[in-house]
Structure formats: structure tokens, C-alpha cells
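# Coordinate analysis (summary)
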Amino acid sequence: MLDVLPPDSARWTDVVARFATRASRFGYGLVVTPILEHYEVFQRVGETTDVVTKQMYAFDDRGGRRLALRPEGTAPVVRAFVQHRPVTPWKVWYVAPNFRAEQPQAGRYRQHWQLGAEVLGVDDPDVDVEIIDLVHGFLRALGLRDIRLFVNSMGDGESRARYREVLLAYWRANADVIGDGMERAEANPLRILDSKRTDWTDLLERAPQLGEYLSDDAAEHFARVQSGLRAVGIDFEIQPHLVRGFDYYTSTVFEFTSGALDAAQNALAGGGRYDRLAEEMGGPPTPSIGFGAGIERILLACAAESVLTDVAPALDVYVVDATGGAEATVVVHELREVGLRADRAYGGRSVKKQWGAADRSGARWGVMVAPRELEQGRVVVKDLASGEQIEVRRAEVAAWIRTQHEGEPR
Ligand code: HAM
């Protein structure tokens, strides 16, 4: 589990703020659900999925209730939907921590944060395009270029049932290669397809493809998603074995990967349709789609591609005080109230030390309040980049810096 500290956390805030802005531009509202849910909320999303069967942080509370820390964001959103029954289409976004007891490594953590969005209550393929567009444009706007989008269709219930039979027959015919994976293959034949085991690579490549078993409706839906993506200029590749890791997926599934990250954890975002989940949780039939994008991985990819480097410094102004502190309290207050990011030294440090702190702070300007200038109704303003100084009227210093600030290119 990672700690996120300043100044690196500025990039974290930036990524979240950009996503929030973009999601609201697409008409999505923020949804915040508890970090804990009843265990059963997650049981339904993956009875044959490691995330649920092996990696959940589950425990009994003092009242003997079985609870779990959220391992993913979709099930809680659907639980909230079923509980509150909002008007559909229900378009929501979130930023939330998720917990999975995985083997930690770079890009894979036991607590990770996801930005995500979900649309509940429409099965229109145009919504699939909108959801993919939302995450695609977000990643591109961060400056990421080395990204690929993979899409696939898991078909509807009918297509999937036929395919599962064919696939299971294929696994059984190759039981000698599958070895100890046979139990899992029997429980959910699809789960084998997203395995990263290298001794299965050949077998997986030759496996029958779901695309060949799609019903007419499912094939039509998938074709419309593809033409929609082309219409808005989003490049994609069809990956016939992309099945995604949760049991709730139906129809369209997709994943964005980064070529700048290690193959084992290069997925920046993943999602898809889960047309039956709300019903399985006791709600009305509610076709839905969404995605989750890992903040830590996005930041790793940004670092690897050297983008998102020019995050604004934390401060605009640093106040240096030679009056014993009282005047700095007032000046820094005024600066903040006109909308500037301002800070000062505390604890009666020497003027020299305060200027050192001003330089280290990354602020654009320093303001010095000293007795002699104050007597003449002035303060010293220093351009911390060039070292140039001028005197400005004390009463006008906040407005003066504000004007300079607004005139600067950002
Ligand atoms: P997921 O593919 O399990 O999907 O996770 C989404 C993203 O979260 C991944 O692409 C990755 O960027 C990040 N991620 C997952 N696990 C870790 C980890 N251990 N450490 C760091 N990052 C991680 C879901 O969770 C679905 N709820 C997505 C979804 C929403 N499907 C429909 N709606």
C-alpha cells in the first residue's frame, strides 16, 4: 500500500481533477459509496475470480456480520443503484481506493485507487462508445501516446452458453497441458482465457474464439460499437480472447494498455458491459456498462512517457517577515483571499532563512515586510526566478500580484 506525499501528490490531484472535469462534461455525477460492503455484494461478481475468492480483505464485524473491503468499484455502485432506484440512465463517476491481497510489485498494490464511470439502464451501443471515448480522451489529454485499446464481445447469454460448451470440450481435450488448471476450467471455462501462464500460450492461441459463436443480436451490437469508435476517430484492435476478470461481464469488454509499462501490469483501464448484474442483485433488468482506471498505473505510465511533468508549483507567493510575524499574518491572509496560493515562515526564523525557504518553496514571488519600508507604506516584491525587486504600496500588494499573476502565461 502506497503513501502519496507532496510534491508528488500534486500530480495525483491533477489527474483526479482532470477526470472530474471530463466526467462532468460527459454528464456524469459523482457517486461515493462506503469502503466496506456486505461480503455478499462482492460474492456475486466473481465466484470463480481470484480477486473475490482469494484476494478479498473480508472479516466479521463486532455484530458478527461478514464484511469486505471493496476490491473493485462496480458492485458497490450497482448495490447503491438497486437500493436507491435512481432514474435511468444513471450516469456516475467515482474515485475510490480498492483492496486486493495481491503479490505486490511495481504497478500492482494491495490498495490501489481507481477512477471510474458507470452508466446504468441503457443497452445502446452508442453508450459503449461514449464510455470508451470518456477514458480514451482522458488518457490522451494527459499526454499519453503509447496506449492501445483492445475490444471484444463476450456476447449475450445464449452466445456465451454455446461458447462455454465448445471451450470446455477444448480444455478437456487438452487436459494434459492444462494440468492443475482443469478444476478452474471446469468451474468457468472462460477464466482460463485471460491467464498469463506461459506454458499455456500455444493452447490459448489455438482456442476457439467467442466471436464465432455470437448470436445475431450480439454481433450487431458489437458491429455498431466498432463503427461508432471509428466515427469518433478512436483506434482499436479486436482481441478475441479478451474476457476480463469478473464474472459479471457480458457483451462489450475493453482494456487500455500502456506500451511503457511491464506487460504483467500494463492495463491502465478496463471495463465492459454487465447487463445482468443489477437484476442478480435484486433490481430490475438494467443493462449497464462502465470502466475503472488505475491512478497509480496512469502516473507510472506518465512518468515513463515523460508527460504530466509541468504540474503547477504549489505556491504563488512566499511572505518573508522582518516585523516579528504580526504583519505577515495580515499580508498572507490578504494574498489568499484574492485567490493566490500563499505561505510564510513561522516561529521567528531569521530573514535569511525565510528567503531560503521562499526559494525552496517554488513560489513565483517573494514579498518582504520590513519595518523601514512599512513606515513608508511599502513592501518589497521579489521575482524569485530573476531576483529582481521592486517596492509596491503595502495596501495594494495583494491586488498588484494578482494582476501580475493573471497576466502571466500558464
Ligand atoms: P479491473 O480491470 O480489475 O476492473 O481494474 C481496473 C484498473 O484498475 C486496471 O486496469 C488497473 O489499471 C487498476 N488496477 C487493478 N488492480 C490493481 C492493483 N492491484 N494495483 C494497481 N492497479 C490496479 C475493475 O475493477 C472493474 N470494476 C472495472 C469496471 C467498471 N468494469 C465495469 N465497470
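Located above this text is the structure these notes cover.
Anyway, here's the lowdown on the structure attached to this text. Throughout, a residue's number is its position along its own chain's written sequence, starting from 1. The predicted nature of this model means local features are confined to residues of pLDDT at least 70 and side-chain atom pairs, given and counted, to a pLDDT of 80 or more, with totals for whole chains, interfaces and linings taken over all residues. The side-chain figures draw on all heavy atoms in the structure; neither hydrogens nor water molecules are used.

## Topic: the packing of aromatic side chains
Note on aromatic contacts: the rings of Phe and Tyr and the six-membered ring of Trp form a pair at centre separations within 6.5 Å, being stacked when their planes are under 30 degrees apart, edge-to-face when over 60 apart, and tilted otherwise. The tally for this structure, following the rule as stated, stands at 12 aromatic pairs. Ring centres of F246 and Y248 lie 5.3 Å apart, and the angle between their planes is 15 degrees; on these two criteria the pair is classed as stacked. Accessibility assignment for this pair places F246 and Y248 in one class, buried. Grouping aromatic residues by their ring pairs yields a cluster made of F19, W93, F138 and F291. Lysine and arginine charges are scored as sitting over a ring when NZ or CZ, respectively, is within 6 Å of the ring centre and within 35 degrees of the ring normal. Here the guanidinium or amino end of R66 rests over the ring plane of Y39, the centre of that ring lying 5.5 Å away. Cation over ring: R364 sits above W365, and NZ or CZ is 4.8 Å from the ring centre. Type-normalised accessible area, obtained with a 1.4 Å probe on protein chains alone, sets the label of each residue: buried when under 20%, exposed when over 50%, and partly exposed for intermediate values.

## Details of the sheet that holds strand β2 (residues 36-38)
As a general point, the strands of a sheet are linked pairwise by backbone hydrogen bonds and lie either parallel or antiparallel. At least two DSSP bridges between two strands are needed for those strands to be called paired. Starting at the N terminus, helices and strands are each numbered in turn, a helix being any DSSP run of H or I of at least four residues and a strand any DSSP run of E of at least two. Ordered in space as β2-β4-β3, the 3 strands form an open sheet in which the pairing is antiparallel. Among the strands making up the open sheet, the edge pair consists of β2 and β3 (58-60). Strand-to-strand, the axes of this sheet are offset by a mean angle of 35 degrees, without reference to chain direction. With 3 bridges joining them, β2 and strand β4 (residues 66-69) adopt antiparallel strand pairing. The residue of β4 that forms the bridge with E37 is A68. Each axis is a line fitted through C-alpha atoms, and for a helix only the stretch in contact is used; angles between axes span 0 to 180 degrees, taken between their N-to-C directions.

## What about the sheet that holds strand β6 (residues 111-120)?
In space, the 8 strands of this open sheet follow the order β1-β5-β6-β11-β10-β9-β7-β8, with mixed pairing throughout. At either end of the open sheet lies a strand with only one pairing partner, and these are β1 (29-30) and β8 (237-238). Packing against the sheet, helix α5 (residues 125-141) makes contact with β5 (90-99), β6, β7 (147-153), β9 (250-258), β10 (267-273) and β11 (288-294), and its axis sits at approximately 10 degrees to β9. Should any heavy atoms of two residues lie within 4.5 Å, those residues are considered in contact.

## Brief notes about the nonpolar core
The definition of a nonpolar core used throughout is a set of buried Ala, Val, Leu, Ile, Met, Phe, Trp, Tyr and Cys residues joined through side-chain atoms within 4.5 Å. Ranked by size, the top nonpolar core spans 91 residues in total, and within it Y28, L139, L144, W171, F254 and F291 carry the most contacts. Per-element tally for this core: the top contributor is α5, with 8 residues. Counting 17 residues, the second-largest nonpolar core is a separate cluster that includes A342, V392, V397 and A398.

## Concerning the site of the ligand
A single heavy atom is enough: if one lies within 4 Å of a molecule or strand, its residue is considered near that molecule or strand. By nearness alone, 28 residues border the ligand, and E72, E102, E118, Y249 and A267 come closest of all. Contacts described as polar in this section are N or O atom pairs within 3.5 Å, which, within protein, must combine one atom able to donate a hydrogen with one able to accept it, while residues neighboring in sequence count only if both atoms come from side chains. A distance of 2.9 Å is found between a nitrogen atom of the ligand and a side-chain nitrogen or oxygen belonging to T74. Contact distances for the ligand include 3.5 Å between a nitrogen atom and a side-chain N or O atom of H112. In short, Shrake-Rupley with a 1.4 Å probe defines the accessible areas, and a residue's cover is counted only from the protein chains shown. Compared with its free state, where it exposes 650 Å², the ligand has 95% of that area covered by protein. Those elements that provide at least two residues to the shell around the ligand are β6, β10 and β11. At 6 residues, β10 tops the list of elements feeding residues into the shell around the ligand. Note on residue classes: Ala, Val, Leu, Ile, Met, Phe, Trp, Tyr, Cys and Pro are nonpolar, Asp, Glu, Lys and Arg are charged, and everything else, Gly too, is polar. Looking at the shell around the ligand, its residues break down into 10 nonpolar, 11 polar and 7 charged.

## Brief notes about the pattern of salt bridges
By definition here, a salt bridge exists when the distance from a side-chain nitrogen of Lys or Arg to a carboxyl oxygen of Asp or Glu is within 4 Å. Under the counting rule described, the total for this entry stands at 28 salt bridges. Here D124 makes a salt bridge to R224, at a shortest N to O gap of 3.8 Å. In this pair, D124 sits in the loop between β6 and α5 while R224 sits in helix α10 (residues 216-231), placing the two residues 100 residues apart along the sequence. Taking relative accessible area as the criterion, D124 reaches 29% and is therefore assigned partly exposed. Because the salt bridges share partners, they merge into one network encompassing D50, K54 and R184.

## Details of the environment of L268
If you trace the backbone, L268 turns up in strand β10. In this structure, the C-alpha to C-alpha distance between L268 and A342, residues 74 residues apart in sequence, is 35 Å.

## Overview of the side chain of T49
Mapped onto the elements, T49 comes out in the loop between α2 (39-43) and α3 (50-53). A distance of 3.2 Å separates the side chain of T49 from the backbone oxygen of G245, its partner in a polar contact. Setting aside anything within four residues of it in sequence, one finds T49 in contact with R191, G245, F246 and D247.

## What to know about a nonpolar patch on the surface
Residues I35, L36 and F59 make up a contiguous nonpolar surface patch of roughly 220 Å² in combined accessible area. As for its position among the elements, L36 is in strand β2. Residues qualify for a patch when their relative accessible area is over 30% and they have no salt bridge, like charges being joined within 9 Å and the nonpolar side chains of Val, Leu, Ile, Met, Phe, Trp and Tyr within 5 Å.

## Observations regarding the packing of helix α1 (residues 9-25) against helix α12 (residues 295-304)
Here α1 crosses α12 at 110 degrees, and the two axes come no closer than 11 Å. By the angle between their axes, α1 is roughly perpendicular relative to α12. The two elements α1 and α12 cross, and the hand of that crossing is right-handed. Facing α1, whose interface residues are R11, W12, V15 and V16, α12 presents I295, L299, C302 and A303. A breakdown of the residues in the contact of α1 with α12 according to their chemical character gives 7 nonpolar, no polar and 1 charged. In this scheme, roughly parallel covers angles under 35 degrees and roughly antiparallel covers those over 145, while 65 to 115 is roughly perpendicular and the rest are oblique. Put simply, a crossing is left-handed when the front helix is turned counterclockwise from the back one by less than a right angle, and right-handed when it is turned clockwise.

## Observations regarding the environment of Y163
Its place among the elements puts Y163 in helix α6 (residues 157-173). Placed 145 residues apart in sequence, Y163 and R18 show a C-alpha to C-alpha distance of 40 Å. Ignoring anything within four residues of it in the chain, the contact list for Y163 reads L190, L193, P208, Q209, L210, Y213 and H241.

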